[in-house]
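Coordinate inspection notes
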Amino acid sequence: PVTSPCKILKCNSEFWAATSGSHHVGTEEAPEFCTALRAYAHCTRRTARTCRGDLAYHSAVHGIEDLMVQHNCSKDGPTSQPRLRTLPPGDSQERSDSPEICHYEKSFHRHSAAPNYTHCGLFGDPHLRTFTDTFQTCKVQGAWPLIDNNYLNVQVTNTPVLPGSAATATSKLTIIFKSFQECVDQKVYQAEMDELPAAFADGSKNGGDKHGANSLKITEKVSGQHIEIQAKYIGTTIVVRQVGRYLTFAVRMPEEVVNAVEDRESQGLYLCLRGCPLNQQIDFQTIRSAQATEGRARRKGPSLQAPPEAFTYETATAKCREKLPVEDLYFQSCVFDLLTTGDVNFMLAAYYAFEDVKMLHSNKDKLHLYERTRDLAPGNMAPSGISSALWVALLCLCQCWLCLL
């Protein structure tokens, strides 16, 4: 299994354990709080080399610097970690009242039309549904930004499913909610394979110590498998799941928040908004050709590793129909992933991705998508109106051709 050498989650947990309940640090407790901060800083320095591209790590480093200044802490001194006092009654973790500005629909749209909500999802090998309902299959190995606006950042890390395989899936997810007025403090959520926490990186389950803290909350739906984050102050719902070894992501967000970027032209990549770069998009026909080549090579010798379970086109379609009876792009993605990886959990990933669409998409007429919407450069144009039936026929023809080789 792929594991991250970056130990920022461990640093975060140790600091939270040392300072649990110290949200209202008094003068008499400042030295102990500073000691815990120095220990936190020391821990981040130890893991710095392996965390260079980790958003949670960089967020923690900046957060430590801010807290050092706020509490007038010296960078020199003891670094033991005494446990501070327990949470007082009525702490912000239990606070239920929130100012109106921390409720998106009430504060932003009191005298205007209801906001238009959009959806983005990432699942499987990986398949991306953007805020504009474009559906793409991408490579995007390594770390990529899914969302990057004035309110939050989401970054995913995709790793190969099998050694030497072009198939990748999401092994790590980092979400940073930026500090917002009197509603929430900056919060970081990070999940990895076999580690789907039901709390933010600092151990809290809401937006911190501000008056509207409960406008940001984490709820665990299924332990270790399904969490939901409600960010009411920006009208946003995020669903993160672990299906098999890998993660899926789905979000419902108002258009106003989606487009809240200071300089949209120079912003760069933002997969949920812009889609995958052309050189990272995968054409099913290209992959089928590669599979045919790999199949011939495997028959000549054992040099290439076979998937853990070999699916034929017929068995893959039969398996996908168990959970996805409509032959839309979610069904096609399921078949594609089973043929590419041999891992039946990818069928469940496609199923849950569609379940999340049903819950989060505001236009129920757009739940199913039937046409691949890969943007191809001129001279490399695929038929834009290819139907589900034609796509199935092409795959079947490829499968028959493989049998004849």
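Further up the page is the structure itself.
So, here's what we can say about the structure.

The rules behind the values
- Residues numbered from 1 in each chain as written.
- Predicted model: local features only at pLDDT ≥ 70, side-chain atom pairs only at ≥ 80, totals over all residues.
- Heavy atoms only, no water.
- Salt bridge = Lys/Arg side-chain N within 4 Å of Asp/Glu carboxyl O.
- Helix = DSSP H or I, 4+ residues; strand = E, 2+ residues; numbered from the N terminus.
- Buried < 20%, exposed > 50% of the residue type's maximum accessible area, 1.4 Å probe, protein only.
- Pairing = 2+ DSSP bridges.
- Axes fitted to C-alpha atoms, helices over the stretch in contact; angles between N-to-C directions.
- Disulfide = S-S within 2.5 Å.
- Contact = heavy atoms within 4.5 Å.
- Expected span 1.5 Å × (residues − 1).
- Polar contact = N/O pair within 3.5 Å; in protein donor to acceptor, adjacent residues only side chain to side chain.
- Parallel < 35°, antiparallel > 145°, perpendicular 65-115°, else oblique.
- Left-handed = near helix turned anticlockwise from the far one by under 90°.
- Nonpolar A, V, L, I, M, F, W, Y, C, P; charged D, E, K, R; others polar.

Topic: the pattern of salt bridges
For the structure on display, the rule yields seven salt bridges. The salt bridge involving arginine 241 is made with aspartate 356; its shortest N-O contact spans 2.8 Å. Here arginine 241 is found in strand β10 (residues 236–243), whereas its partner aspartate 356 is found in helix α10 (residues 345–360), with 115 residues between them in sequence. Each member of the pair arginine 241 and aspartate 356 is classed as buried. In this structure, arginine 321 engages glutamate 327 in a salt bridge whose closest nitrogen and oxygen atoms are separated by 2.9 Å. With a relative accessible area of 24%, glutamate 327 lands in the partly exposed category.

Observations concerning the pairing of strand β4 (residues 142–148)
Pairing geometry for β4 and strand β5 (residues 152–160), over six bridges, is antiparallel. In the strand pairing of β5, proline 145 is matched with glutamine 155. Linking β4 to β5, which pair antiparallel, is a turn of three residues.

Description of the sheet that holds strand β6 (residues 168–177)
With respect to topology, four strands assemble into an open sheet ordered β4-β5-β6-β7, the strand pairing being antiparallel. Each edge of the open sheet is held by one strand with a lone partner, namely β4 and β7 (187–192). Between one strand axis and the next, the sheet turns by 20° as a mean value, whatever way the strands run. By the bridge criterion, nine bridges tie β5 to β6 in an arrangement that is antiparallel. Note that in β6 the partner of threonine 159 across the bridge is alanine 169.

Quick notes on the state of the cysteines
Applying the stated rule across the entire model yields seven disulfides. In this model cysteine 120 forms its disulfide with cysteine 272; the gap between the sulfur atoms is 2.0 Å. Taking the torsion about the sulfur-sulfur bond, which here is approximately -80°, the covalent link between cysteine 120 and cysteine 272 counts as left-handed. With cysteine 120 in strand β1 (residues 117–123) and cysteine 272 in helix α6 (residues 271–274), this residue pair connects regions lying 152 residues apart in the sequence. With respect to burial, cysteine 120 and cysteine 272 carry one shared label: buried. Across the disulfide from cysteine 138 sits cysteine 276; the S-S distance is 2.1 Å. Across the disulfide from cysteine 138 to cysteine 276, rotation about the S-S bond amounts to roughly 95°, and the bridge is consequently right-handed. Of this pair, cysteine 138 sits in the loop between β3 (135–137) and β4 while cysteine 276 sits in the loop between α6 and α7 (284–300), and the two are 138 residues apart along the sequence.

Things to note about unusual backbone geometry
Of note in this structure, valine 140 is not a glycine but carries a positive phi near 35°. Topologically, valine 140 is positioned in the loop between β3 and β4. Residue aspartate 194 is not a glycine yet carries a positive backbone phi of 65°. Classification of aspartate 194 as exposed rests on a relative accessible area of 61%.

Observations regarding the side chain of serine 333
Structurally, the position occupied by serine 333 is in helix α9 (residues 329–341). Contact partners of serine 333, with chain neighbours within four places excluded, come to Phe123, His127 and Phe135.

Quick look at α9
Over its 13 residues, α9 extends 18 Å from the first C-alpha to the last, a length consistent with the 18 Å expected when each residue adds 1.5 Å. Here α9 lies mainly inside the structure; 13 of its 13 residues are buried. With a side-chain oxygen positioned 3.1 Å from the backbone nitrogen of tyrosine 330, the residue opening α9 is aspartate 328. Taken from the residues just after α9, glycine 342 is the one with a positive phi, measuring 75°.

Brief notes about the packing of helix α8 (residues 313–321) against α9
Following both chains from N to C, one finds α8 and α9 inclined at 135°, their axes separated by 9 Å at the closest point. As the angle between them shows, α8 and α9 are arranged oblique. Where α8 crosses over α9, the handedness of that crossing is right-handed. The segment α8 lies against α9, with Tyr313, Ala316, Thr317, Lys319, Cys320 and Arg321 engaging Phe331, Cys334, Val335, Leu338 and Leu339. Of the residues in the contact of α8 with α9, the class split is eight nonpolar, one polar and two charged.

Side note on the sheet that holds strand β9 (residues 226–231)
Across a sheet, strands are paired by hydrogen bonds formed along the backbone, either parallel or antiparallel in direction. Strand order in the open sheet formed by seven strands is β3-β2-β1-β11-β10-β9-β8, and the pairing between neighbours is antiparallel. The two strands at the open ends of the sheet, each matched to only one other strand, are β3 and β8 (216–222). When the angles between neighbouring strand axes are averaged without regard to direction, this sheet yields 10°. Note: β10 against strand β11 (residues 246–254), seven bridges, orientation antiparallel.

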